[in-house]
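Breakdown of the fold
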Amino acid sequence: MRLYRFLSAPDDSTFCHKVTAALNKGWHLYGSPTYAYDKKTKSMRCGQAVVKDIDGQEYGPDTKLSDW
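Labelled according to an unreviewed UniProt entry, the protein appears under the name DUF1737 domain-containing protein, originating from Mesorhizobium neociceri.

Below you can see the structure in the form of structure tokens.
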């Protein structure tokens with residue numbers, strides 16, 4: 001199965017640490033990062049999609065992406 005996650009965080013080291021942790025767990029960057037203004041918090045946020053292929057497993061609605 002191929003898993004997809006979209007990681008987001010404030011524009012600070014939190015975002016970099018979140019993406020780095022995913023990469024170290026075998027996730028791969030998917031597409032370009034995003035950068036947008038959050039009106040509610042009046043701050044900039046970063047986002048990055050990541051994917052991971054898992055052999056021998058089937059995806060279902062109860063699959064917890066953070067477990068991989």
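After presenting the structure, the write-up continues.
Things to note about the UniProt feature "domain: DUF1737" (unreviewed entry) in the protein
As recorded in UniProt, the feature "domain: DUF1737" (unreviewed entry) lies at residues 1-53. Helix makes up 23% of residues 1-53 and strand 58%. Its end C-alpha atoms lie 6 Å apart.

Digging into the nonpolar core
In summary, soluble globular proteins display a tendency toward joint burial of nonpolar side chains. In terms of nonpolar packing, the biggest core is built from 10 residues, these being Leu3, Leu7, Ala9, Phe15, Val19, Ala22, Trp27, Cys46, Val50 and Ile54. When residues of this core are traced back to their parent elements, those giving at least two are strand 1 (2-10), helix 1 (13-24) and strand 3 (43-53). Setting aside residues up to four positions removed in sequence, tryptophan 27 forms contacts with Leu3, Tyr4, Arg5, Ala22, Val50, Val51, Lys52, Leu65 and Trp68.

The rules behind each value
Residues numbered from 1 in each chain as written. Predicted model: local features only at pLDDT ≥ 70, side-chain atom pairs only at ≥ 80, totals over all residues. Heavy atoms only, no water. UniProt positions renumbered as here; feature names shortened; annotations may be inferred. Helix = DSSP H or I, 4+ residues; strand = E, 2+ residues; numbered from the N terminus. Core = buried A, V, L, I, M, F, W, Y, C linked by side-chain atoms within 4.5 Å. Buried < 20%, exposed > 50% of the residue type's maximum accessible area, 1.4 Å probe, protein only. Contact = heavy atoms within 4.5 Å.

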